[in-house]
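# Tertiary structure, described
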Amino acid sequence: MRRAVLAVIALLLSYSSAAACVGKTLVIGATESPESRVVAQVIAILINERTGTSVKIQDFPDGEEIHRALATGSLDIAVERTDQALERLGLGAAADAQAAYLQAKAGYLERLNLVWLPPLGPAGGGAALAAPVVRKDTVKKFPALPRLIAKTEGLLSADVVAALTRSGEPARSARQFLREKKLI
Amino acid sequence: MKKPGRAAILIFGALGLAVAQAGTPPPIETIVWRGDVQLAADLVIPRGSRLVVEPGTTVRFGFRDDDGDGWGDASLRIEGELVSRGRPESPVVFTSQQEPAEPGNWGEIRIDFGSLDLSYTVIEGSTRGLHAHFSSGRVEDCVLRRNVDGTRFGESSVAVEHCLFYGHPGKAFNARKCRNQVRANVFHDNENGVFLFEADGGSAFEGNLFRANRNPFRLGDFFEGVVPARGNDWGGELPAAAQPDRDSGAARLEATSGAAPGAGPRAWPFWAEGPRPGEVRDTSPPAAAPGGAGGLLFQADDSGAVRAVEASTRRVVWRRPLGAGVRSEPWPAGSTAVAVATVGGRVYLLDRMSGLERDCWEVEGETQTRASSTPERSR
């Protein structure tokens, strides 16, 4: 009897009870900024709730590291700004936000095999737009993913994101936001 | 059965009773739980072990939030066998240490490469409910209520029959690539009744009753294939759109209507017709004095609880916290239950003798009219 009890006790370990299910897992990159974290949570919860696919949020020190990981295949999804994207592509400033988005989208697809999805909304600190960017091979594996993430189009402007960060609980705020928008 | 050794008592002192049964064929080691079992930390029942939970056992999980999402993660993990067979009058209850249990108070019962055999078992207040991968077994006459998700089955084969699912803000029944038998269950007042992810391996969904769910039957955004759901009582129109805002034709639900006369737990009194969307239910007591039959008086107290008091001795027989103020004194609901309405907009159906929750539903609006028929059925 003692053997049985001890066998159980030996496994009284703090194993991860993460919600991850067996199957495919998508990885989203985020920095430690509250804005980045809450946007990553919105996308992660949207995907997980509506598809059952597990989504992992991976932390990076800055946007450049995230971009590098996305370009080299360590990440599936990231959120980028059009102004920074044009800079990476070596392109000058565009005439307006929409033109910048279209230039970034075309350049990323042609040179990096990265797919820009519809913009979340205006990014803070200028006329740039923020938009989810997904690897082309990820889109091939998950053909319904662009359509799903596109449901966030125009919903996450800098002001909205700032409001979502106020609670200091990005996961909870993100979930509440998606519920209010009737997306989950 | 041996008595627990000193080590067991020391280690499981907070867990109630845990003993290994002698004389069972190796290599299965049996652990038995009875009484009140408190789980403050995660617990793993390893491969080659069987956890037997006896009728009347209540397992209470503490709150621990690992990932900051506000939902509890404390869990019981089964890698062997889970046998939880309660009785209608003394079910096994998996719940939270917090009363009343609300969605997300604790994590899940997780079964990996194992088996499950559950009957008359209540699972309430969890985040992920009954969460099984590559497992098989049966879940019969059980009640899953007010979990975030009632089940998460992945690549498993489970017979889920005569169960009652209600009050889930996520998915009451949630599965992916399974071959389940989902028959004669009642789904009411859930955000999603049945939710299938990615694909289905040939499950059957028949003879179930759906009422007042936002989406009775939904296919996930990545789902591809055709799902037959024939002969279910949808309470009106067929669920025309499996995915309300999905514009792909890759997934299709083939639903037909049928009667579900035997749906729900057997010998378990609950509301005969789950409330329909927009329907107003009575939450006011009848004109006559509230219930005092059987020598018991039923009273609401100021702390949002209901109690049964022995009329002759004033002894409190049971007390049930409801988490919200009570709108009126409880009233009799059939011969075996009392009904009580809270200011939070819920009506509870409680067992007259034990206070056990038999059913619960949300009401809309402040003005209710009494339902014309008896609010109870018992099989």
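We now turn to the structure provided with this report. (Residues numbered from 1 in each chain as written. Chains lettered and ligands numbered in written order. Predicted model: local features only at pLDDT ≥ 70, side-chain atom pairs only at ≥ 80, totals over all residues. Heavy atoms only, no water.)

### Here's the deal with the overall build of chain B
- When helices and strands are counted, chain B shows 1 helix and 34 strands.
- Out of the 379 residues belonging to chain B, those deemed buried represent 58%.
- For chain B, the share of sequence-separated contacts (at least 6 apart) that also reach a separation of at least 24 residues comes to 46%.
- Carbon and sulfur atoms make up 52% of the accessible area of chain B, which totals about 13900 Å². (Helix = DSSP H or I, 4+ residues; strand = E, 2+ residues; numbered from the N terminus. Buried < 20%, exposed > 50% of the residue type's maximum accessible area, 1.4 Å probe, protein only. Contact = heavy atoms within 4.5 Å. Areas by Shrake-Rupley, 256 points an atom, 1.4 Å probe, with all protein chains shown as cover.)

### What about the sheet that holds strand 34 (residues 357-362) of chain B?
Residue and element names in this part refer to chain B.
- Taken together, 4 strands build an open sheet; the order of strands is 31-32-33-34 and the sheet is antiparallel. The sheet is open, and its two edges are formed by strand 31 (331-333) and strand 34, each paired on a single side. Across the sheet, the mean angle from the axis of one strand to that of its neighbour is 30°, orientation sign disregarded.
- Of the pairings in the sheet, the one linking strand 31 to strand 32 (residues 337-341) comprises 3 bridges and is antiparallel in character. Bridge assignment links alanine 333 to a residue of strand 32, and that residue is alanine 337. (Pairing = 2+ DSSP bridges. Axes fitted to C-alpha atoms, helices over the stretch in contact; angles between N-to-C directions.)

### Some words on the pairing of strand 3 (residues 36-39) of chain B
Residue and element names in this part refer to chain B.
- Along strand 3, the buried face is formed by Val37 and Leu39; none of Asp36 and Gln38, which line the opposite face, is buried.
- Across 4 bridges, strand 3 lies against strand 6 (residues 58-61) in parallel orientation. Paired with aspartate 36 across the two strands is threonine 58, which belongs to strand 6.

### Observations regarding the pattern of salt bridges
- Within this structure, the stated rule accounts for 42 salt bridges over all chains.
- Here aspartate 137 of chain A and arginine 135 of chain A are joined by a salt bridge, their closest N and O atoms 3.0 Å apart.
- Residues arginine 145 of chain B and glutamate 357 of chain B are paired through a salt bridge, measuring 3.8 Å at the closest nitrogen-oxygen approach. With a gap of 212 residues between them, arginine 145 of chain B in strand 15 (residues 143-145) and glutamate 357 of chain B in strand 34 connect regions that are remote in the sequence.
- Judged by relative accessible area, which is 2%, arginine 145 of chain B ranks as buried.
- Salt bridges here are not isolated pairs; linked through shared partners, they connect Asp73, Arg77, Glu79, Glu108, Arg110, Asp112 and Arg128 of chain B. (Salt bridge = Lys/Arg side-chain N within 4 Å of Asp/Glu carboxyl O.)

### Describing the packing of helix 4 (residues 82-89) of chain A against helix 5 (residues 97-112) of chain A
All names here are of chain A.
- Running from N to C, helix 4 and helix 5 point in directions that differ by 45°, and their axes come no closer than 9 Å. Classified by the interaxial angle, the pair formed by helix 4 and helix 5 is oblique. The two elements helix 4 and helix 5 cross, and the hand of that crossing is left-handed. Residues Thr82, Ala85, Leu86, Arg88 and Leu89 of helix 4 touch helix 5, and the partners they reach there are Ala100, Tyr101, Gln103, Ala104, Gly107, Tyr108 and Arg111. (Parallel < 35°, antiparallel > 145°, perpendicular 65-115°, else oblique. Left-handed = near helix turned anticlockwise from the far one by under 90°.)

### As for the packing of helix 2 (residues 34-51) of chain A against helix 8 (residues 158-165) of chain A
Residue and element names in this part refer to chain A.
- Interaxial distance between helix 2 and helix 8 falls to 9 Å at its minimum, and their mutual angle equals 95°. Considering their axes alone, helix 2 and helix 8 lie roughly perpendicular with respect to each other. Contacts from Pro34, Glu35, Val38 and Val39 of helix 2 reach helix 8 at Val161, Leu164 and Thr165.
- Across the contact of helix 2 with helix 8, the residue classes break down as 5 nonpolar, 1 polar and 1 charged. (Nonpolar A, V, L, I, M, F, W, Y, C, P; charged D, E, K, R; others polar.)

### What about unusual backbone geometry?
- At the junction of glutamate 99 of chain B and proline 100 of chain B, the peptide bond is cis and its omega measures out at -5° in the coordinates.
- Structurally, the position occupied by proline 100 of chain B is in the loop between strand 9 (92-96) and strand 10 (106-112).
- The residue lysine 182 of chain A is not glycine, and still its phi comes out positive at about 60°.
- Looking at the element boundaries, lysine 182 of chain A is found in the segment after helix 9 (170-180).
- With relative accessibility at 57%, the residue lysine 182 of chain A sits in the exposed group.
- Even without being a glycine, phenylalanine 134 of chain B presents a positive backbone phi close to 45°.
- Of note, phenylalanine 134 of chain B is situated in the loop between strand 13 (126-133) and strand 14 (136-140).

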